[in-house]
Amino acid sequence: MNNAVSTVFVGISELTTNDDELGQLSGVALVTEGERVVWVGPAARAPEADQRVDLGGRAVLPGWVDSHTHLVFAGDRTEEFAARMAGQPYRAGGIAVTVEATRAAGDAELAGVLRRHAAEALAQGTTCLETKTGYGLTVADEVRSARLAASTVDEVTFLGAHLVPPGWDADEYVALVCGDMLDAVAPHVRWADVFCETGAFDEDQSRTVLLAAAARGLGLRVHGNQLGPGPGVRLAVEMGAASVDHCTHLTPSDVDALAGSDTVATLLPACDLSTRQPLPDARALLDAGATVALASNCNPGSSYTSSMAFCVATAVLQLGMSVAEAVRAATWGGARALRRETGDGAVGVLRPGSRADLHVLDAPSATHLAYRPGVPLTHAVWQRGRRVVPAAS
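These remarks concern the structure in this document. (Residues numbered from 1 in each chain as written. Predicted model: local features only at pLDDT ≥ 70, side-chain atom pairs only at ≥ 80, totals over all residues. Heavy atoms only, no water.)

Examining helix 11 (residues 308–318)
What sets the pattern is the α-helix's 3.6 residues per turn: residues three or four places apart point alike. Put simply, the rule is: Accessible area is worked out with a 1.4 Å probe on protein chains only. A residue is then buried under 20% of its type maximum, exposed over 50%, and partly exposed in between. By definition, any uninterrupted DSSP run of H or I lasting at least four residues is a helix, any uninterrupted run of E lasting at least two residues is a strand, and each is numbered from the N terminus.
Buried within helix 11 are the following residues: Met 308, Cys 311, Val 312, Ala 313, Thr 314, Ala 315 and Val 316. Following helix 11 by one or two positions, Gly 320 has its phi on the positive side, about 80°.

Shown next, in the form of C-alpha cells:
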C-alpha cells in the first residue's frame, strides 16, 4: 500500500519545468506524492490531494543543481583574496594552503564545515549538490574527504589530481593517484576529476588519471581552460567526460568540439570574478549549440560563495545569457553535467516522475533573479517532496 502524502501546489504565477513538452507555464498547479512530482496541469483541473499549498502568485523553479563545489576543507584564505583584489594574480598553488589546513583538521571540524555550507546552499534553493575531494592529497586524507562528503551531498567527485603536493615528483604523485589512492577512494565516489592546467597537471598526466578512473568505472570530469588556453576541453571531449568546468579561455575549435559532443561546458562566473579572470564566452557556446551549466565552485580560495542566484544574475548581466538560459543552465544544465536530468527521480526538471525539488521565489517570475540582483528571493524550498525552507514545524 502506498502511504505517501500527496500535495497540490496552487497559486503558481510562473512554473519553469525544463521539460521540452511542458515548457514554462502559468495558470497551472503541480502535485507531488512522496518524493516525486506526479501531475502538472491547468489549476482548474488539479486533482485532489492530502494537502493543499497556496503559493500566493509566486514563481516556481526546479531546485538549483550545483554541479561543482569543493566543500570538504578547513582554514581561511581571506588574505589571498585581499591580495588578489590589490592586484596580485591568481595561481593554482594557493590550493596548498587549504591542503595544509585540511590535513590538520579533525573529522568533526571538516564535517561541520561541510554541513554548514550544504545547509547554506539549501537555504538558497540548491537541492542537488556535488562536491569534490582534493584538499587532502594523501590516501588517508582523500578517503576521509570522500567518506564525509558521501554522507552529506548527492554526488561526490574524486579530485586527488588537484595539485602536486610539495615535495612530490609530479609523475610519482600521478602514479599514487591512479593506484593506491584511487583504489581506496573509488567505493565512496561516482566521479573523478583532474585539474588540467599550467601549475597543476599537463595533458599526458591528466589523460593518465582519467584513463585509470574510467577503468575503475567512474564517470569523468575535467577542470580545464581556466588560466589560459590549453588542452582541457579537447581532452574532456576525447575522453567522453560528462563535463569540463571553467571554460574561461576557449578557442573556436574548443567551442566546436563542445558543441559536437555530449560534454557539458560548466561555467563558474563567480570564480572568474573572484580571481579577476576574463569571463567565459557563454554566447559563443550557446549559439554553437553546446550544453552549458552554471555552478558556484564554492571553495575557500577562488570562489567563496554558495549562491547560485548570484551566478545566474552574473550570467545574465555580464555573460550575455538570457534569464531563461541562465536558469536552465543552473538547473537542467547542472543535472545534465551530473547525468541526472532524465528518468525516474530526475533533478533540474519538474515533470511527472521527477524528484519533487521545488524552489519558490518571492517574486512573480524568474526574471527577478537578474532584475533584482543581490536580493534574497528564496521564499520556500521543497526537497524530495519535503518542505525544508522554512523548516516544517
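So, the packing of helix 11 against helix 12 (residues 323–337)
As a reminder of what qualifies: Only the contacting stretch of a helix is used when fitting its axis, a line to C-alpha atoms as for every element, and angles between N-to-C directions run 0 to 180 degrees. Two helices crossing with the near one rotated counterclockwise from the far one by less than a right angle form a left-handed crossing, whereas a clockwise rotation gives a right-handed crossing. Contact definition: two residues touch when any of their heavy atoms are within 4.5 Å. Only Asp, Glu, Lys and Arg are considered charged, only Ala, Val, Leu, Ile, Met, Phe, Trp, Tyr, Cys and Pro nonpolar, and every remaining residue, Gly among them, polar.
As a packed pair, helix 11 and helix 12 sit with axes 9 Å apart at the nearest point and diverge in direction by 145°. Of the two elements, helix 11 crosses helix 12, and the hand of that crossing is right-handed. From helix 11, Met 308, Val 312, Ala 315 and Val 316 reach across to helix 12, where they touch Val 323, Ala 326, Val 327 and Ala 330. Considered class by class, the residues forming the contact of helix 11 with helix 12 number eight nonpolar, no polar and no charged.

Quick look at empty space enclosed by the protein
Condition: The definitions used throughout rest on a 1 Å grid laid over the protein atoms alone, on which a cavity is an enclosed set of points accommodating a 1.4 Å probe that cannot get out and a pocket is an open set flanked by protein within 12 Å on both sides along at least five of seven lines; lining residues are those having an atom within 4 Å of a point. Grid points are joined across faces, edges and corners, and a volume is the space filled by probe spheres set on the points.
On inspection of all chains with the given rule, the structure shows two cavities of 30 Å³ or more. Roughly 110 Å³ of volume is contained in the largest cavity. Lining the largest cavity we find 16 residues, and of these His 70, Tyr 90, His 162, Asn 299 and Ser 302 sit closest to its centre. Here the lining of the largest cavity is composed, by residue class, of five nonpolar, ten polar and one charged. For the lining of the second largest cavity, a count of residues per class yields four nonpolar, four polar and one charged.

Side note on the state of the cysteines
Here is the rule: What counts as a disulfide here is a pair of cysteine sulfur atoms lying within 2.5 Å.
The final tally for this structure, using the stated rule, is zero disulfides. Its sulfur unpaired, Cys 128 is 16 Å from the next cysteine sulfur, which belongs to Cys 298. Cys 128 sits in the buried class, given a relative accessible area of 0%. Between Cys 247, a cysteine without a disulfide, and Cys 196, which holds the nearest cysteine sulfur, the sulfur-to-sulfur distance is 12 Å.

So, the pattern of salt bridges
Put simply, the test is: The salt bridge criterion pairs a side-chain nitrogen of Lys or Arg with a carboxyl oxygen of Asp or Glu, the two atoms within 4 Å.
The full count for this structure, using the stated rule, is 26 salt bridges. Between Arg 58 and Asp 362 there is a salt bridge, and its shortest N-O distance comes to 3.1 Å. One end of the pair, Arg 58, is in strand 5 (residues 51–62); the other, Asp 362, is in the loop between strand 14 (358–361) and helix 13 (368–371), with 304 residues separating them in the sequence. With relative accessibility at 44%, the residue Asp 362 sits in the partly exposed group. A salt bridge links Arg 190 to Glu 155; the nearest nitrogen and oxygen atoms lie 2.9 Å apart. Of this pair, Arg 190 sits in the loop between helix 5 (170–185) and strand 9 (191–196) while Glu 155 sits in strand 8 (residues 155–161), and the two are 35 residues apart along the sequence.

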